[in-house]
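Letter by letter, the chains look like this.
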Amino acid sequence: MSTTPIATHIDVKGVNKIFASADREVVALKDIHLEIPQGQFVCLLGPSGCGKSTLLNAIAGFSLPTSGSITADGKAVTGPGPDRGMVFQEYALFPWMTVEKNIAFGLEIKGVSAEEIQATVATLLGKLGLTDFRNRYPKDLSGGMRQRVAIARILALDSPIMLMDEPFGALDALTRRNLQDELLRIWAELGKTVIFVTHSIEEAIYLADRIVVMTYRPGTVKRDLLVDLPRLRDPSSPAFNSLKRELGQLVMEEQQRHHDAELVAAID
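Worth saying up front: this structure is predicted, and the values here are computed from it rather than measured.

Draft legend 1. Structural detail: empty space enclosed by the protein. One pass over the structure, following the stated rule, counts 1 cavity of 30 Å³ or more. Volume-wise, the largest cavity comes out at about 30 Å³. For the lining of the largest cavity, the leading source of residues is helix α5 (residues 173-190), giving 4 residues. Among the residues forming the lining of the largest cavity, the class breakdown is 5 nonpolar, no polar and 1 charged.

So, in structure tokens, the structure goes:
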């Protein structure tokens, strides 16, 4: 019995990124190759300075590679596009707009009819537990609620690719777990392709189909592994903790390289 191969949704080929200033060049990414199939949940994992966010911004089209290529659904990424929705750690909400208006904003820009906007927003308010907060402003919401609004705003545009840059990093542990479970429910229901940046090993294992561990600068792929654990995952299970130890060793090696590089720079 033959199976139809899953199409590559995001293709990163030989990507390099160099940041140049008047007195030096910093190689942020070096020869990155990734093929991400449609519907996969991928976590980019590594210490600060390994280029996780730089790679995510390149896929988003915010910062183009110095060399190499990135395609999304077979089309070259040359800038931001509606096929790639971005969720930031800082929420990036419009403070002068209510929850409802924040979610509706992108649809209004696209020229969607008022009736469709109303229906879409109502559905997302319900899906993310925001119905009772629809007329509140961001300043009146907790961090977790603000991030729910940010996710709802991306979902409203129905982007097939969701790019998430440490979206739960500033939240308390309980809120973080609740939003992780909410995200997994939405991902399973809607079949989005997700690329999620995190420095938390446990978060990566809990969420991802696949974890890409990156090296300290220049950022390269140190390890690319599939997470073969059933969902929902139990962080106390032996299999979960075995993988956590393995990934911890990989990340600590890069953290040590970071520390050594800082010592050398201080001496110089």
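Draft legend 2. Quick look at α5. Counted at 1.5 Å a residue, the expected span for α5 with its 18 residues is 26 Å, and the 26 Å between its end C-alpha atoms agrees. Burial in α5 covers these residues: Arg176, Leu179, Gln180, Glu182, Leu183, Leu184, Ile186 and Trp187. Where α5 is buried, its residues contact β3 (41-45), α3 (114-127), α4 (143-156), β7 (161-165), β8 (193-198) and α6 (201-207). Looking at where α5 begins, the residue whose side-chain oxygen comes 3.2 Å from the main-chain nitrogen of Leu174 is Asp172. Where α5 terminates, the next one or two residues include Gly191, which has phi positive at roughly 70°.

Draft legend 3. Fine view of the environment of Lys52. Considering the arrangement of structural elements, one finds Lys52 in helix α1 (residues 52-60). As a C-alpha pair, Lys52 and Asp165 span 113 residues in sequence and 8.6 Å in three-dimensional space.

Draft legend 4. Representation of the packing of aromatic side chains in the model. Under the defined criterion, the tally for this structure stands at 6 aromatic pairs. Between Phe94 and Trp96, the aromatic rings sit 5.2 Å apart at their centres with planes inclined by 40°, giving tilted as the arrangement. A relative accessible area of 23% means that Phe94 is categorised as partly exposed. Measuring from centroid to centroid gives 5.8 Å for Phe168 and Phe196, while their planes differ by 55°, and the two rings are tilted. Separated by 28 residues along the polypeptide, Phe168 in the loop between β7 and α5 and Phe196 in strand β8 bring together distant segments of the chain. Under the relative-accessibility criterion, Phe196 is labelled buried at 0%.

Draft legend 5. Region of the structure containing the sheet that holds strand β1 (residues 8-20). Reading across from one edge, β2-β1-β4-β5 is the order of the 4 strands in this open sheet, with antiparallel pairing throughout. At either end of the open sheet lies a strand with only one pairing partner, and these are β2 (25-37) and β5 (75-76). Here 9 bridges tie β1 to β2, and the two strands are oriented antiparallel to one another. Bridge pairing links Ala20 to Glu25 in β2.

Draft legend 6. Examining the sheet that holds β8 more closely. Reading across the sheet, the 6 strands line up as β6-β7-β8-β3-β9-β10 and stay open at both edges, with mixed pairing between neighbours. In this open sheet, the two strands that pair with only one neighbour each are β6 (84-87) and β10 (221-226). Neighbouring strand axes in the sheet, compared pairwise and without regard to direction, differ in orientation by 15° on average. Bridging between β3 and strand β9 (residues 210-214) involves 4 bridges; their strand directions are parallel. Pairing of Leu44 across the sheet is with Val212, part of β9.

Basis of the calculations
- Residues numbered from 1 in each chain as written.
- Predicted model: local features only at pLDDT ≥ 70, side-chain atom pairs only at ≥ 80, totals over all residues.
- Heavy atoms only, no water.
- 1 Å grid on protein atoms, 1.4 Å probe; cavity = no way out; pocket = protein on both sides within 12 Å on 5 of 7 lines; lining within 4 Å.
- Points joined across faces, edges and corners; volume = space filled by probe spheres on them.
- Helix = DSSP H or I, 4+ residues; strand = E, 2+ residues; numbered from the N terminus.
- Nonpolar A, V, L, I, M, F, W, Y, C, P; charged D, E, K, R; others polar.
- Expected span 1.5 Å × (residues − 1).
- Buried < 20%, exposed > 50% of the residue type's maximum accessible area, 1.4 Å probe, protein only.
- Contact = heavy atoms within 4.5 Å.
- Polar contact = N/O pair within 3.5 Å; in protein donor to acceptor, adjacent residues only side chain to side chain.
- Phe/Tyr/Trp six-rings, centres within 6.5 Å; stacked < 30°, edge-to-face > 60°.
- Pairing = 2+ DSSP bridges.
- Axes fitted to C-alpha atoms, helices over the stretch in contact; angles between N-to-C directions.

Take it as geometry only, folks, not as evidence of what the structure does.
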